[in-house]
Amino acid sequence: MDFAVIVLLEMLRAVAWLVLLGAGLAIVFGMMRVINIAHGEFLMLGGYTVIMSTKVGVPLWVAILILAPLVVGIFGVIVERLIIRFLYGRILDSLLATWGLSLLMIGGVTMIFGNTNEGVSTPLGSVPVGQYTISLYTIALIVAAVAILAGIYAALKFTRAGLIARSVMQNPGMAQALGVNATFVYMATFGIGAAVTGLAGGLLAPVTGVVPAMGVNFIGQAFITVITGGASVVAGTFSAATALGSVSQAVTFAAGPVYGDAALLFVALILLRILPQGITGRIFTRSV
Amino acid sequence: MEKSLYKDPGFWAMIALGLVATFGLPVWYGLFEIMQITQYVVLGVFALSLAYIWGFGGILSFGQSAFFGLGGYVFAVAAINMGDTTVPLILSFAIPALFGAGLGYFMFYGRLSDVYLGVVTLVVTLIFWKLINHTAGPEYAIGAARLGGFNGIPSIPILNVPGDADADLMPGAMFQVFMVILMVVYVGLRLINASDFGRVSVSIRENETRASLLGYDVRRHKVVVFALGSGIAGLAGAMWATYQTFIDPNAFSLEMSAKALIWVMAGGVGTLAGPLVAVIALQWLSLKLGEINLINNFVILGTILILLVLVLPKGLLPSLQMWIERLVTMMRRQRDGEQVMRVRPDPALAPRRDDRGASPTPAE
C-alpha cells in the first residue's frame, strides 16, 4: 500500500516535471510557431535568479514566485525585440538564431558566475508515508504544475487578452484589420511564455541546483513533450506529459533513469510515427 | 557521366587545389602546422556531410554530431579489438549509415515536417550523449575496449598501412591520407549531385509535393540521402578519433552539431566548397580568439550564429555572388543608361503595353 502511494506520487512527479518543463515552450512554440532552442537556458536563467537572489537575502518563495518569472519575462521581451521579431514565419532561421542565443547565454552565464554548481536546500521538509518518506516539495511541484496549466487555460479561455492572443495567432492579418496591435501581442505572448519558463526554472532550482549548461538536460524532454502534444497549449502539454511521464517513470523504476530517458524518446518517436501532428492534431482538436 | 560537371571550372579548381595541398603542404610546413591543418581536413569532411544533406537534400539535421560521435566510437572500439584500422574505418562509415537509415525511416516515413525533424535529430543526439556519459563502469566494455563514460576512450590506434597493424602512419602521411579521403568525399558528392539521383534530391528540396506528384518516392530518397550523410559524418568521427588517439562524449555534444551548422550556413547552403572555406576561416578565428582567452568560446559561437541568421541568411559565398552580380548589373545599367541618353529610343522598338498588362515581367 505504502509502496503503491510512493509509485503513484513518483509518476505524478514525473508528469508534473514534464508539464513544468514544457508549459512555457508550449506557449512560444504551440501558439507562435517559434522554436526556442534557448528554452533550456531560459529555465537556467530562472534557476540562477532564484539562487542568486536568495544568496543576497531574498526569501526563497518571493524569489521563486515573483523574481524568477519577472526577470526571465523581461529578458524574453528583450530577446523578442532584438532577435525573434525578425524571424516570424522563418521557422528554421528562428531555430538557428535561438540556438545561437542558447550558446551565448551559456557562455555569458559561465563568464559572470563561473562554471560551478550552485544550489539551495530544498524547502518544506518531508513527511513519512508508512516506512517511506516523501519530500513535501514534490507535492508543491505537482500543485504548481496543475496551477500553471489551469492559469494558462483560464487566461486563454476566459479573458479578453487571451481571446485577442488566440485571434492573433490564428489570423494576424485579420486581427490587425480589426484594430489589434499584433506586434505588441506577439511581444507580450513571447514575454509571458518566457515568464512561465522562468517560473518553472525557479521551481526546479531547489531540486536540481544550477550550472550554466543545465539547460541541455531539459531541452530534449521539453521539446518532446510539446511536439508530442501538438498544437493546443494546455490539452497537448497535459496529455503528452501524462503519456510520456508515466511510461518513462515506469521504465525508470524497472531499469534505471538512463533507460527511462531512452524510453521517453522511443515512445515519442512511435507516437509521432502514428500521429505526426501530435496528440492534439488528431484527438481533442478543438481544445485550447 | 554528367557533362555539366566536367565543364564546371570550379570543380577542376577544387581538385587542383586539393592536389596541391596534399603534396605541397607537407613540404612547405613543419610537423606542428601539419598536425593543425589535419584538424581542418577532418572537420572539413564533417562539414561536407551536413552540407550535402542540408544543401542538396533539404534535410536540416541538428544531430549531425550523433553520427560523428557514433563513427568515432565504432572506430575506437573496433580498432582496439582488431589492431588493424582498415576494417574499423569501413565500419565507421557503415554503422552510422545504417543507424541513419533506421532513424530516417521513422522520420521520413512518418512524414515529420522540417521543424520536427530538427528537434528529433537534436534529441537523439542528446540521448546518445547521456547514454555514453553513463558508461563509466567497467561492466560497459565491448571486447577489449572499455567505453569509459565521461572519461572517454584513450589510446586509440593510429591509422596504419592496410594489413600491417604495426606500420603506423607518420603525421605527414596521415595528413595525405585524410586529404585523399576529403577529396574522394568531395568528388563523390559532386558526382552524386550531378547524377539523376542528385537532381531528384534537389527537386525534392525545392518542392516536395511536386517531386512526389512526378512519381519520385520522396521518402525513400530522403532516407538514402540522410543515410549517406550519416555515414560521411561517421567517417569524419573515425578520422577525429584516430587523429586525437582519444575520443570522449564531447564528440556527441551539441557544440559539435552547432559548429557543423555554422560552417554550412556561413559557407552557404547549397554549396560544398563554401563550408570547407568556412571550416578553415572559423576554426582559425576561434583558435586565435581562444588564445586571447578573454571571451568564452560559446559566446563567440553564439554571436556568430545569430549574426549569420540576421545578416547573412544565405551564407558568405552565395551572398558574395549576389553582391557581385548586383554590382555588375548596376554598372551595366549605368553604361546602357548613358547610351540611351545619347541615342533616342525608336518608338517602334519599345515593348508594347496593352491594357491587359501583358508587359514582360520577370517570371520566377
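Residues numbered from 1 in each chain as written. Chains lettered and ligands numbered in written order. Predicted model: local features only at pLDDT ≥ 70, side-chain atom pairs only at ≥ 80, totals over all residues.

(A) Broad picture of the overall build of chain B. For chain B, the helix and strand inventory stands at 14 helices and 2 strands. Within chain B, the fraction of its 364 residues that count as buried is 42%. Long-range pairs, those at least 24 residues apart, make up 76% of the contacts in chain B with a sequence separation of at least 6. (Helix = DSSP H or I, 4+ residues; strand = E, 2+ residues; numbered from the N terminus. Buried ≥ 20, exposed ≤ 12 C-beta atoms within 10 Å, placed from the backbone. Contact = placed C-beta atoms within 7 Å.)

(B) How the structure looks around the interface of chain A and chain B. Residue-level contacts link 32 residues of chain A with 32 residues of chain B. Grouping the amino acids of the side of chain A that touches chain B by side-chain chemistry returns 24 nonpolar, 5 polar and 3 charged. (Nonpolar A, V, L, I, M, F, W, Y, C, P; charged D, E, K, R; others polar.)

(C) Broad picture of the nonpolar core. Counting residues in hydrophobic clusters, the biggest one holds 193 residues, and the most contacted among them are Val19 and Leu20 of chain A together with Ala47, Ile262 and Leu305 of chain B. At 17 residues, the largest contribution of residues to this core is made by helix α1 (residues 2–32) of chain A. The residues contacting Ile262 of chain B, other than those within four sequence positions of it, are Leu282, Leu301, Ile304, Leu305 and Leu308 of chain B. (Core = buried A, V, L, I, M, F, W, Y, C linked by C-beta atoms within 7 Å.)

(D) Focus on the environment of Thr54 of chain A. All names here are of chain A. When you line up the elements, Thr54 lands in helix α2 (residues 39–55). Since 20 C-beta atoms lie within 10 Å of it, Thr54 is described here as buried. Once the C-alpha coordinates of Thr54 and Ile64 are considered, the two residues, 10 residues apart in sequence, prove to be 9.4 Å apart.

(E) Region of interest: the pairing of strand β1 (residues 126–129) of chain A. All names here are of chain A. Examined bridge by bridge, β1 and strand β2 (residues 132–135) share 4 bridges and lie antiparallel to one another. Its bridge partner lying in β2, Pro128 is registered against Thr133. The turn linking β1 back onto β2 is made up of 2 residues, and Gly130 within it adopts a positive phi angle of 60°. (Pairing = 2+ DSSP bridges.)

(F) Expanded view of the environment of Trp28 of chain B. Residue position: Trp28 of chain B is located in helix α2 (residues 9–28). Between the alpha carbons of Trp28 of chain B and Ile304 of chain B there is a distance of 32 Å; along the sequence they are 276 residues apart.

(G) Molecular detail of the environment of Leu327 of chain B. All names here are of chain B. Relative to the helices and strands, Leu327 resides in helix α14 (residues 316–342). Among the residues examined, Leu327 registers 10 C-beta atoms within 10 Å and is labelled exposed. For Leu327 and Leu48, which are 279 residues apart along the polypeptide, the C-alpha to C-alpha distance reads 30 Å.

(H) Local environment of the confidence of the model for chain A. Residues of chain A with pLDDT of at least 70 account for 98%, and the chain-wide mean is 84. Mean pLDDT values for the elements of chain A range from 71 in helix α12 (residues 279–282) of chain A up to 90 in α2 of chain A. (pLDDT = per-residue confidence, 0-100.)

(I) Geometry of α1 of chain A. Taking 1.5 Å per residue as the helical rise, α1 of chain A with its 31 residues ought to reach 45 Å, and the 44 Å between its terminal C-alpha atoms agrees with that figure. The largest bend in α1 of chain A comes to about 40°, at Leu25 of chain A. (Expected span 1.5 Å × (residues − 1). Bend = angle between axes of the 7 residues up to and from the residue.)

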